[in-house]
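Residue-level listing of the chains:
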Amino acid sequence: MIRKATADDLEAVSAIYEAVLDREEATGCRWTNWERGVYPCRATAEKALKEGTLYVAEVDGAVLGCANLNHVQPPEYAKIPWTVAAKPKEVLVIHTLCIHPDAAGGGLGRRFVAYAEGLAVGKGCRAMRLDTYEGNAPAAAFYPKLGYRLAGETEFFFEGFRQETLICFEKNLA
C-alpha cells in the first residue's frame, strides 16, 4: 500500500536512506549522489512530512519505500528542453524516490511511480518530471521502461552543497 506518510513513519524513512547508503558503502557501487547526514536524512523527511508531500510504500506492515511528491521544480529545470507545455501546478515532480535495498527488484519502485502518476492525474497535472544523478545507471535505465523520456541534463547545485550533473526525465500524462 502506498499512502501519505505520518510522523510515525519518519524513523522507517530515515532507515531506508541509511540502508541505501550502507549498501553503497558495502558494495562500492555509488549510484546516488547522496551524502550521509546531509541529504537525504531525517530532516529531509521531516520537511516533506510538514509540507504534506511525503509518501511511503508499506508492505506487510513495514515501510520499504518513500518519495517526496510535489510541484517543486528546481531552478535548473529552466535549462531543460521539456516537451510537455505545462504550468508549474500541472507538473508533479518525484523527489528522492527510494526503495529499501532488501526490497529492490520486486516491483515496488514501479508501483510507486504508477501511484505518483495516478496522484498527478487526479490533481490535473499534464506532466511528471524528475531528476537523478548522472551516475545512477539503475535509475537511468528504469524510468525509460516506464515511458519516461530523457529530457536533458544540466549542472545543478544539488541541495545547496554539491555542484554536479543531473539527468532529467519527463512523462506526458495527457
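Every residue gets a number counted from 1 within its own chain, in the order that chain's sequence is written. Only residues with pLDDT of at least 70 are given local features in this predicted model, and only at 80 or more are side-chain atom pairs given and counted; all residues enter the totals for whole chains, interfaces and linings. The side-chain figures draw on all heavy atoms in the structure; neither hydrogens nor water molecules are used.

**Student:** Help me out: how do you make sense of the nonpolar core in this one?
**Tutor:** The tendency in soluble globular proteins is for nonpolar side chains to be buried side by side. Throughout this description, the term nonpolar core refers to a set of buried Ala, Val, Leu, Ile, Met, Phe, Trp, Tyr and Cys residues connected via side-chain atoms within 4.5 Å. Whether a residue is buried, partly exposed or exposed follows from its accessible area with a 1.4 Å probe, protein chains only, as a fraction of its type maximum: under 20%, in between, or over 50%, in that order. Leu69, Leu92, Ile94, Phe112, Met128, Tyr143 and Tyr148 are the most contacted members of the largest nonpolar core, which totals 25 residues. Elements with a minimum of two residues in this core: β2 (54-59), β3 (62-70), β4 (91-99), α3 (108-122), β5 (127-133), α4 (137-145) and β7 (162-172). With six residues, α3 is the single largest residue contributor to this core. When checking whether two residues touch, look at their non-hydrogen atoms; a contact exists if any pair is within 4.5 Å. Residues contacting Tyr143, with those up to four places away along its chain left out, are Leu97, Val113, Leu130, Tyr148 and Phe169. Helix and strand assignments follow DSSP, with helices taken as H or I runs no shorter than four residues and strands as E runs no shorter than two, numbered in order from the N terminus.

**Student:** What should I look at first to understand the environment of Val13 in this one?
**Tutor:** Relative to the elements of secondary structure, Val13 occurs in helix α1 (residues 10-27). Along the primary structure Val13 and Glu58 are separated by 45 residues, whereas in three dimensions their C-alpha atoms are 11 Å apart. Excluding anything up to four places from it in sequence, Val13 contacts Ala45, Leu54, Val56 and Cys66.

**Student:** Hey, could you run me through the pairing of β3 in this one?
**Tutor:** Sheet faces and side chains relate simply in a regular strand, where the side chains alternate between the two faces. Counting buried positions along β3 gives seven out of nine residues, so the element sits mostly inside the fold. As paired strands, β2 and β3 are joined by six bridges and run antiparallel to one another. Residue Tyr55 lies in a different strand from β3, and its bridge partner there is Ala67. Once β2 ends, the chain turns through two residues before running back antiparallel as β3, passing Asp60 with a positive phi of about 50°. Two strands pair if DSSP finds at least two bridges between them.

**Student:** How should I be thinking about the packing of aromatic side chains in this particular structure?
**Tutor:** Centre-to-centre distance and the angle between the planes together describe a pair of aromatic rings. Within 6.5 Å between ring centres, the rings of Phe, Tyr and Trp (the latter by its six-membered ring) count as paired, and their orientation is classed by plane angle as stacked under 30 degrees, edge-to-face over 60, tilted in between. In the structure shown here, the tally under the stated rule is seven aromatic pairs. A centroid spacing of 5.1 Å and a plane angle of 50° characterise the contact between Tyr77 and Trp82, whose relative ring orientation is tilted. Given the relative accessible area of 2%, Tyr77 is considered buried. Residues Tyr77 and Phe156 carry aromatic rings whose centres are separated by 6.1 Å and whose planes lie at 85° to one another, so their mutual orientation is edge-to-face. With a gap of 79 residues between them, Tyr77 in the loop between β3 and β4 and Phe156 in strand β6 (residues 149-158) connect regions that are remote in the sequence. For the pair Tyr77 and Phe156, one class covers both residues: buried. An aromatic cluster is built from Phe142, Tyr143, Tyr148 and Phe169, whose rings are joined through pairwise contacts.

**Student:** I would appreciate a short explanation of the packing of α3 against α4 in the present structure.
**Tutor:** When two helices pack together, you describe them by how their axes are tilted relative to each other and by the distance separating the axes. In this analysis, axes come from line fits to C-alpha atoms, helices being fitted only over the stretch in contact, and the angle between any two N-to-C directions falls in the range 0 to 180 degrees. Close contact between α3 and α4 brings their axes to 11 Å; oriented N to C, the two are set at 55°. On the basis of the axis angle, α3 is oblique to α4. Read as a crossing pair, α3 and α4 show a hand that is right-handed. Listed contacts from α4 to Gly109, Arg110 and Val113 of α3 are Phe142, Tyr143 and Lys145. Amino acids are sorted into nonpolar (Ala, Val, Leu, Ile, Met, Phe, Trp, Tyr, Cys and Pro), charged (Asp, Glu, Lys and Arg) and polar (every other residue, Gly among them). Here the contact of α3 with α4 is built from residues that sort into three nonpolar, one polar and two charged. We call two directions roughly parallel when the angle between them is under 35 degrees, roughly antiparallel when it is over 145, roughly perpendicular when it lies between 65 and 115, and oblique otherwise. In a left-handed crossing the near helix is turned counterclockwise from the far helix by less than a right angle, and in a right-handed crossing that turn is clockwise.

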